[in-house]
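The chain contents come next:
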Amino acid sequence: MKGLELWMRDLIASSGSQPERSVASTDFVTGGLFLESASVPSSIASFVSLHTTGSIVSISCSSRRRRTRRRRGGGGFLSVTLSIKDGSVGESSVILGGENENENGEKHLEEEEIKVQKQGGAFNTTKHLWAGAIAAMVSRTFVAPLERLKLEYMVRGEQKHLIELIQSIAASQGIKGFWKGNFVNILRTAPFKAINFYAYDKYRSELLKLTGNEETTNYERFLAGAAAGITATVLCIPMDTIRTKMVAPGGEALGGVIGAFRHMIQTEGFFSLYKGLLPSIISMAPSGAVFYGIYDILKSAYLHSPGGRRRLQHMKDSEEELNALEQMELGTVRTLIYGAIAGCCAEAATYPFEVVRRQLQMQVRATKMSAMATFLKIIDQGGVPALYSGLTPSLLQVLPSAAISYFVYELMKIVLKVESE
């Protein structure tokens, strides 16, 4: 590069000593050199707009990347154009490009795009989880009294008629007694439903990508629902165990959520929080499959019907004029009805597993039995009907709970603008 600089200096000096030429005359000296990377000195730029006596010298340098098989150490091509104009004002430019300048720029843009996509995906996931959590909070608070009645039959083995049990709770604990344990129930069901709803949509979309189908099949719906139920159960069963312990006889003396947690850890160990995990999984897998599968099948059947197509077309034509309720694909009434049907089918199909699970959570280490032994004990003490003890109040609780849950979930997805996975 020293030789190039000396050559350029001599050329400029000689141009100054030549006789004057016409204004229109211009000399061009061009050349090109293959350069190793990082070999272009910064002093080249100092030649830009060099002024000599009566002349203006302009130099244009450009560097192009040389494509080679080597990924590293590749050189570049520096082209130098020297323009000398007498008696006129000329502009010059220097374009010095590094070996990987364009490639690095493209790589940086790609990294920025990936970063933005990840941030957008994480934000969308958060909104999706919140939609499920809010649905659980609203539905569980609404049906808390029925949930309390169900637990009285399942956990305490209550033999009173429904009306008598309602009067007994109202007389002993007042109206607040029907919402006993509701806060803990929300702490359990909010993350459970959030994970459940999100996991189902995620598993279903991944299965759709895997199979390459245009629409999810019924088998894929049931499979995604079962996987979602298992995922949510494994992550959230400790809070369910603590809640069951609190509403059991003597649970009032444990001192709330923290007290029940400490008591179980100190007396039975950490894994006591996962008591009943196996029957829970056995219960939630078919429950999730039925709950989400039935709802999705009903929803798909309606959307493919003439009435459903007309509704979708109407929504498409007047999208900007519709409020959140009007943007629901099924509408308010159908969403509530389909949610209630799905909830009842899931509850009836898996209720015996729920009874066994609750009994396992009530056991202490000294009298702990396996799931099968507990199942046989329940049948021995009360027969097969004992496996469905509390089913009536449970169905009365599930009907509005599932209906409200799906309605609020679909509504919140629209309000929060959750994008499809």
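Bear in mind the structure is a predicted one, so any value in this text is a computation, not a measurement. The written sequence of each chain sets the order in which its residues are numbered from 1. Thresholds applied to this predicted model are a pLDDT of at least 70 for local features of residues and 80 or more for the giving and counting of side-chain atom pairs; totals over whole chains, interfaces and linings are not thresholded and use all residues. The side-chain quantities take in all heavy atoms of the structure and omit both hydrogens and water.

Any chance you could break down the layout of surface pockets for me, citing the residues and the numbers?
With a probe scaled to a water molecule rolled over the atoms, the places where space remains empty come into view. In this structure, the largest pocket spans a volume of roughly 1200 Å³. The method works on a 1 Å grid over the protein atoms by themselves. A cavity is a set of points holding a 1.4 Å probe that cannot get out, a pocket is an open set with protein on both sides within 12 Å along at least five of seven lines, and residues with an atom within 4 Å of a point line them. Around the largest pocket, the lining comprises 38 residues; the ones closest to its centre are K299, E329, E410, K413 and S420. Here a strand is any run of E in DSSP of at least two residues, a helix any run of H or I of at least four, and the numbering for each starts at the N terminus. For the lining of the largest pocket, the elements supplying multiple residues, two or more each, are α5 (182-211), α8 (277-303), α9 (306-317) and α12 (391-415). Grid points are joined across faces, edges and corners, and a volume is the space filled by probe spheres set on the points.

Which residues make up the environment of A131, and what values go with them?
If you trace the backbone, A131 turns up in helix α2 (residues 101-142). Separated by 279 residues in sequence, A131 and E410 have C-alpha atoms that sit 7.9 Å apart. Contacts were defined at the residue level, with two residues in contact if any of their heavy atoms lie within 4.5 Å. Setting aside residues up to four positions removed in sequence, A131 forms contacts with Y409, M412, K413 and L416.

Kindly report on the environment of C236, identifying the contributing residues and their values.
By secondary structure assignment, the location of C236 is in helix α6 (residues 218-247). Take C236: its relative accessible area is 9%, and that puts it in the buried class. Through-space distance from the C-alpha of C236 to that of R188 is 6.6 Å; in sequence the pair is 48 residues apart. Residues in contact with C236, not counting those within four places in the same chain, are R188, P191, F192 and I195. Relative accessible area decides the class of each residue, using a 1.4 Å probe on protein chains only: under 20% of the type maximum gives buried, over 50% gives exposed, and in between gives partly exposed.

Could you give an account of the pattern of salt bridges, naming the residues involved and the relevant values?
For this analysis, a salt bridge means a side-chain nitrogen from Lys or Arg found within 4 Å of a carboxyl oxygen belonging to Asp or Glu. What the rule picks out here adds up to ten salt bridges. Here K209 makes a salt bridge to E206, at a shortest N to O gap of 3.8 Å. On the criterion of helical spacing, the pair formed by K209 and E206 is a turn pair, its members being three residues apart in helix α5. Note on E206: relative accessible area 36%, which makes it partly exposed. Across the pair K413 and E410 runs a salt bridge whose closest N-O atoms are separated by 3.9 Å. Highlighted residues: K413 and E410, both in helix α12, separated by three residues, approximately one helical turn. What you see here is one network of salt bridges that share partners, running through D201, R204, E215, R221, D296, K299, E329, E410 and K413.

Read these as geometric descriptors, not functional statements.
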